[in-house]
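# Examination of the molecular architecture
For reference, the chains in residue letters:
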Amino acid sequence: MLLKFFKTLVCFSILLSFTSCKRQIKPHHIPENQNHLGKFVDELDDTIWDIYQDSKNHFWFGSKENGIFYYNGKRLIHYTKEDGLVSNQIRRTQEDKFGNIFIETTSGVSKFDGQTFETLEIIETFSTNNVWKLEPNDIWFSID
């Protein structure tokens with residue numbers, strides 16, 4: 001009786017494991033620029049002025065007058081004013097502790113949060129009443 005129960009239990013377990021397994025389907029690869037900003041390109045511009053490696057070990061290449069290029073180790077994506085940059089003349093790239101990328105241009109600073117570009121307002125702050133103290137998470141820009 002016990003042997004019959006054990007055989008039934010084993011058969012039921014095997015049947016259950018086969019019927020509960022679904023065919024594993026690999027998800028479709030969604031390119032990193034799923035927000036549809038930028039264009040996939042095969043090469044960098046000839047006039048790269050700035051190279052920045054972010055916290056994810058991805059690279060940003062700022063060009064003299066052709067926007068910025070982003071390389072994630074697999075694909076090269078080109079961003080310009082058409083995508084929301086304030087200018088195509090890139091001077092410097094920085095990152096904050098949240099992973100936002102700040103792109104200093106000749107016309108201001110663009111912030112890229114991974115989805116959209118935002119142009120930051122320039123705040124004139126130099127006066128005799130202001131006392132500056134550099135904080136650990138500050139990012140400084142020199143806009144001419």
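Figured I'd write up the structure that's included with this text. Since this is a predicted model, take the numbers as computed values, not measurements. (Residues numbered from 1 in each chain as written. Predicted model: local features only at pLDDT ≥ 70, side-chain atom pairs only at ≥ 80, totals over all residues. Heavy atoms only, no water.)

### A short note on the sheet that holds strand β4 (residues 68-71)
Counted only if it meets this: Only strands that DSSP links by at least two bridges are regarded as paired with each other. Helix numbering and strand numbering both begin at the N terminus, where a helix is a DSSP run of H or I of at least 4 residues and a strand a DSSP run of E of at least 2. In this description, a line fitted to the C-alpha atoms serves as the axis of each element, helices being fitted only across the stretch in contact, and the angle between N-to-C directions of two axes falls anywhere from 0 to 180 degrees.
A sheet is described by the order of its strands in space; here five strands give the open sequence β1-β5-β4-β3-β2, paired in antiparallel fashion. The open sheet terminates on both sides in strands that have one partner only, identified here as β1 (39-41) and β2 (48-53). Each adjacent strand pair in this sheet contributes to an overall mean axis angle of 25°, direction not counted. Relative to β4, strand β3 (residues 59-63) runs antiparallel, the two sharing four bridges. Bridge pairing links Trp 60 to Tyr 70 in β4.

### Concerning the sheet that holds strand β6 (residues 90-95)
On the basis of which strands lie adjacent, the open sheet formed by four strands has the order β6-β7-β8-β9 and antiparallel pairing. The two strands at the open ends of the sheet, each matched to only one other strand, are β6 and β9 (117-119). Adjacent strand axes in the sheet meet at a mean angle of 25° when their direction is disregarded. Bridge count between strand β7 (residues 101-105) and strand β8 (residues 108-112): five bridges; the pairing is antiparallel. When the sheet's bridge partners are listed, Ile 101 is paired in β8 with Phe 112.

### Describing the nonpolar core
For soluble globular proteins, nonpolar side chains are generally found buried alongside one another. Cut-off, in case you're wondering: Residues belong to one nonpolar core when they are buried, are Ala, Val, Leu, Ile, Met, Phe, Trp, Tyr or Cys, and are joined through side-chain atoms within 4.5 Å. Whether a residue is buried, partly exposed or exposed follows from its accessible area with a 1.4 Å probe, protein chains only, as a fraction of its type maximum: under 20%, in between, or over 50%, in that order.
Core analysis: the largest hydrophobic core is formed by 12 residues, namely Leu 37, Trp 60, Ile 68, Tyr 70, Ile 77, Tyr 79, Leu 85, Ile 90, Ile 101, Ile 103, Phe 112 and Phe 117. Listed by contribution, the elements that provide at least two residues to this core are β4, β5 (76-79) and β7.

### Here we look at the pattern of salt bridges
Under the convention used in this document: Each salt bridge in this description consists of a side-chain nitrogen of Lys or Arg and a carboxyl oxygen of Asp or Glu lying within 4 Å of one another.
For the coordinates displayed, the defined rule picks out one salt bridge. A salt bridge links Glu 82 to Lys 39, with the shortest nitrogen-to-oxygen separation between them at 3.8 Å. With Glu 82 in the loop between β5 and β6 and Lys 39 in strand β1, this residue pair connects regions lying 43 residues apart in the sequence. The same class applies to Glu 82 as to Lys 39, namely exposed.

### Looking at unusual backbone geometry
Unlike most non-glycine residues, Asn 57 shows phi in positive territory, near 65°. Here Asn 57 shows up in the loop between β2 and β3. Of the residues examined, Asn 57 reaches a relative accessible area of 52% and is grouped as exposed.

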